[in-house]
Amino acid sequence: MERFTNNRLFAWLVYLILGLTALYLLLLIKPIIIHIYVFLRAVLAPFLIAMIISYVLNPIVSLLNERKVPRTIAVLLIYAVFLASLTVVLVNAIPMFMDQLKELNKHMPDITMQARSMVNDLNNSSFLPESIRTGIEKSLYKLEKQGSDAIFAFINNIGEMINVIFIAFIIPFLAFYILKDFEVFERTLLTYVPKSHRKHAVRLLKDIDHALGSYIRGQFLVCVIVGTLAYIGYLIIGIPYPLLLASVVAVTNIIPYLGPFFGAAPALIVASTVSIKMMLLVAIVNTLCQILEGNIISPQVVGRTLHMHPLSIIFALLVGGELAGIVGMILAVPIFAAVKVIVQHIFAYYVRRKTI
């Protein structure tokens, strides 16, 4: 019996059985987990957004604080500059954005008809198999219905809009208190760590900040720059709904590798209802934006990378997308990078203990 218990293969077999049992039990209570996840996501989402904003702005607040400006005054100064800039942008952009959204919803059936006409032309040429043509027609009909329903619900769902406005209203207050007492939160967090491990905890937090700091802060600026370039490009080529489509490019650009494809897809769909030439122009604009982003903007703004293998990043994107959609894909890479640093520290800690 002792020969089996000391066997490495036997130990791995036991771990595998325990893991499969745990996975089976998790599948049994999946509905409960989903309800808890939805509840926690709704409650914690404002705090998570406020923490990200605080993390991005904290270096500026700390810089002002080092120059004898109290943290509260520093936060208020940043808020004043930010709100003034945001007000100017939103006053001009929101009416244009909503008009384009309503116009897109109004013309969605016409856009779909034109796209379906292009598909019919392909059908007449007998270039595609029957099954593929039928699938494309069904997909176009489904896309029209889902897009129209989503836009209509966004514009007309008063309860949802009030909830979004409430969250948008409360986030600045949460971020203000987190920024004001950022150092207090750090010290309070460390008090819960045993004294013998505090040195390692501080090093862990510094490594996580080193891994994520420039990436998170720089990525916001990169998205704004790429979105602005896309908007200018869309205006030049004359595609409909340039602000709406450029906003999609800006938001999705934060997703590594897959983001540019997601961002270009809506513009290509709209361009396909205009002409083949417009599709080529849209492809050229997005390609130029990505060339500039990859070779000039990101190296200058973000600087260093997360030192993660592309396969690891794609795996993180798939998991994040499955758990929380687009938001999950946006947060997947930073969270995965932080978890990677934590796992590395845990392994290093146990290696040190074994050598002692």
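Residues numbered from 1 in each chain as written. Predicted model: local features only at pLDDT ≥ 70, side-chain atom pairs only at ≥ 80, totals over all residues. Heavy atoms only, no water.

(A) Representation of the overall build of the protein within the structure. Broken down by element type, the protein carries 12 helices and zero strands. The linear arrangement of helices and strands in the protein, starting from the amino end, is α-α-α-α-α-α-α-α-α-α-α-α. Each of the 356 residues in the protein was classed as buried or not, and the buried ones make up 28%. By sequence separation, contacts in the protein at least 24 residues apart represent 71% of the contacts at least 6 residues apart. Of the accessible surface of the protein, which amounts to about 23800 Å², a share of 73% is contributed by carbon and sulfur atoms. (Helix = DSSP H or I, 4+ residues; strand = E, 2+ residues; numbered from the N terminus. Buried < 20%, exposed > 50% of the residue type's maximum accessible area, 1.4 Å probe, protein only. Contact = heavy atoms within 4.5 Å. Areas by Shrake-Rupley, 256 points an atom, 1.4 Å probe, with all protein chains shown as cover.)

(B) Region of the structure containing the packing of aromatic side chains. In total, this model carries two aromatic pairs according to the counting rule given. Here Tyr-79 and Phe-176 contribute two aromatic rings whose centre-to-centre distance is 6.2 Å and whose plane-to-plane angle is 70 degrees, an arrangement assigned as edge-to-face. With Tyr-79 in helix H4 (residues 71-125) and Phe-176 in helix H6 (residues 158-180), this residue pair connects regions lying 97 residues apart in the sequence. The class for Tyr-79 is buried, based on a relative accessible area of 15%. Since its relative accessible area comes to 15%, Phe-176 is described here as buried. Centroid distance Phe-176 to Tyr-177: 5.3 Å. Interplanar angle 80 degrees. Geometry classified as edge-to-face. (Phe/Tyr/Trp six-rings, centres within 6.5 Å; stacked < 30°, edge-to-face > 60°.)

(C) Main features of the side chain of Arg-71. As for its position among the elements, Arg-71 is in helix H4. Judged by relative accessible area, which is 10%, Arg-71 ranks as buried. At 3.5 Å, the side chain of Arg-71 and the backbone oxygen of Lys-180 are in polar contact. Residues within four places of Arg-71 in sequence aside, it is in contact with Asn-58, Val-61, Ser-62, Asn-65, Leu-179, Lys-180, Phe-182 and Glu-183. (Polar contact = N/O pair within 3.5 Å; in protein donor to acceptor, adjacent residues only side chain to side chain.)

(D) Inspection of the nonpolar core at higher detail. In this structure, Tyr-234, Ile-237, Ile-239, Leu-245 and Val-282 are the most contacted members of the largest nonpolar core, which totals 19 residues. Residue assignment for this core shows that the elements contributing at least two residues are helix H8 (195-237), helix H9 (242-252), helix H10 (259-272) and helix H11 (276-301). Setting aside its immediate chain neighbours within four residues, Leu-245 contacts Tyr-234, Ile-239, Pro-240, Pro-266, Ala-267 and Val-270. Within the second largest apolar cluster, 17 residues are counted, among which are Tyr-55, Leu-212, Ile-216 and Ile-255. (Core = buried A, V, L, I, M, F, W, Y, C linked by side-chain atoms within 4.5 Å.)

(E) Region of interest: helix H3 (residues 30-66). Leu-44 marks the point of greatest bend in H3, at about 45 degrees, and the proline Pro-46 comes within the next four residues. Every buried residue of H3 is accounted for by Pro-46, Ala-50, Ser-54, Tyr-55, Val-56, Leu-57, Asn-58, Val-61 and Ser-62. Trailing H3 by a residue or two, Lys-68 shows a phi angle of about 70 degrees, which is positive. (Bend = angle between axes of the 7 residues up to and from the residue.)

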